[in-house]
Structure formats: structure tokens, C-alpha cells
Amino acid sequence: SQTIHQWPATLVQPVGSPLSLECTVEGTSNPNLYWYRQAAGRGLQLLFYSVGIGQISSEVPQNLSASRPQDRQFILSSKKLLLSDSGFYLCAWRTLTYEQYFGPGTRLTVT
Amino acid sequence: DAKTTQPNSMESNEEEPVHLPCNHSTISGTDYIHWYRQLPSQGPEYVIHGLTSNVNNRMASLAIAEDRKSSTLILHRATLRDAAVYYCILRTSNFGNEKLTFGTGTRLTIIP
């Protein structure tokens, strides 16, 4: 069966510091992968998605970037965090029938 | 993506059926109706999806109106573990369309 991992689970970072969040999927090949963010008390916002290695589509222009160096690895990065980057970051993959399955998430607090 | 409208919150008694409504009056013929739920401090969980016909799975049933302008997610026997935010989402089935637009959903409270 498929499993999706995210780390770290929680993170507290100062403003202006860099960020790297990692997501890996097991049990499937060439999955479509997604990064979402959920601000406190808000809905989910799609940030990036990837249909293959090196292929990244950005939904929201901001100081975040994403990379997909391997088939089942998806990384979310920032060079300098802003206070507004705080939130719950979720990685997901989707099946051929467009069901998305989410990881456990990373709760980021920028101080 | 076409817009959906859901009540902000609902309450239901434990062990009773729950009917969660969703209006999507601007739905197009190629839009699929997806439902997800999000338990506290967790990522969303896929529940069910359909296009025109009613759908059943182990978690829930999805009843789709004949004109497809509304749908209802049915939990047949609510438990305390069903307390969550439920999202109704339309996904356009254009090739390459990857976007699921999550709204604010319906917060379901289960009363013991």
C-alpha cells in the first residue's frame, strides 16, 4: 500500500531564516505530488504541484519554491521566511482516479 | 473551478444518520464532485467522489441531484470519530487539471 511521509512534524523558525520541508511517497511510481498550506482557521491553499521529476507548477507567487529531485520526493523551500509563512504544510499524492491522499503535515511557526 | 456552497456548521447526534448538503449551481457537465474531511490537526482525508450517479463506499454515500446542481454526503451512522470539517469540491476533468480548490467546508459536531 502507499504511504506518504513528511518531516519535520513541527518547526519553529525565525523570520529571515531558510526553510526546507521534505515529502516522500512509498508504494507508487511517478505520482503527481502537491504542496498545500493551511493558515490558522483557514482553508487549504494549493502552493505547488508536480507531474514528474523536475516538473513544478506554481499556483501562488510568493517567496516559496518547490523541487522534485527524485520520483517520489518533493521538497518545499524558502530562502527567507516571512511571518505570513506560518501555517500547516501538507504534501499529497493522487491516484489515477484523482483521489488525493495527504501526509501528516508540518506545522511551521515563524517567529 | 466552479464554486460550492456549504453550511458553516452542523450538529448531529451519535449513531444517527448525517446529511451534509452542498450546492454547486454552476457545475459543468465535466465536473466531478469530491468530498474530503479533515479531522483536527490532521491532513484532509478522501471520502468519496462521483459524477452523475449516486455512489457508495465503506465510509459514506454520495447522493447527486438529477440536475447535478446539488449533492449530499450521507454518513449512515455517525460516530464521535466523524467529527471533522467536511469539504465539497468540484474538479474539472480537463486533461492536466490538477487543482482541487478547498473552501471553508462544514464543521460537523457529533453530540454523544
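Above this text sits the structure in question.
Residue positions are given per chain, counted from 1 along the sequence in the order it is written. Written order determines the labels here, with chains lettered from A and ligands numbered from 1. For this predicted model, a pLDDT threshold of at least 70 governs which residues receive local features, and a threshold of 80 or more governs which side-chain atom pairs are given and counted, while totals over whole chains, interfaces and linings are taken from all residues. Excluding hydrogens and water, the side-chain values take into account all heavy atoms of the structure.

Visitor: Help me understand the pairing of strand β6 (residues 55–58) of chain A in this model?
Guide: Residues and elements named next belong to chain A. Pairs of strands are assigned from DSSP output, requiring at least two bridges between the strands. Numbering of helices and strands starts at the N terminus; helices are DSSP runs of H or I of at least 4 residues and strands are runs of E of at least 2. Pairing analysis gives 3 bridges linking strand β5 (residues 44–52) to β6, with the strands arranged antiparallel. Bridging from a neighbouring strand, Tyr49 pairs with Ser57 of β6. Between β5 and β6, which pair antiparallel in sequence order, lie 2 residues; one of them, Gly54, sits at a positive phi of approximately 75°.

Visitor: What exactly am I supposed to notice about the interface of chain B and chain A here?
Guide: Put simply, an interface is often sized by how much accessible area is lost when its parts join up. Contacts between the two partners involve 18 residues from chain B and, on the opposite side, 21 residues from chain A. Accessible area, probed at 1.4 Å, shrinks when two parts are joined; the buried area is that loss added up over both. Both faces considered, chain B and chain A share a buried interface measuring about 1500 Å² in area, 54% of it formed by carbon and sulfur atoms. The definition of a polar contact used here is a pair of N or O atoms within 3.5 Å, where within protein one atom must be able to donate a hydrogen and the other to accept one, and adjacent residues in sequence count solely through side-chain atom pairs. At the boundary of chain B and chain A, one finds 2 residue pairs in polar contact (both at pLDDT 80 or more). Where the side of chain B that touches chain A is concerned, the elements lending two or more residues are β3 (31–38), β4 (45–50) and β8 (84–92) of chain B. The element contributing the most residues to the side of chain B that touches chain A is β3(B), with 3 residues. Looking at the side of chain B that touches chain A residue by residue, the class counts come to 6 nonpolar, 9 polar and 3 charged. Whether two residues are in contact is decided by their heavy atoms: any pair within 4.5 Å suffices. Three classes are used, and their members are as follows: Ala, Val, Leu, Ile, Met, Phe, Trp, Tyr, Cys and Pro are nonpolar, Asp, Glu, Lys and Arg are charged, and the others, Gly among them, are polar.

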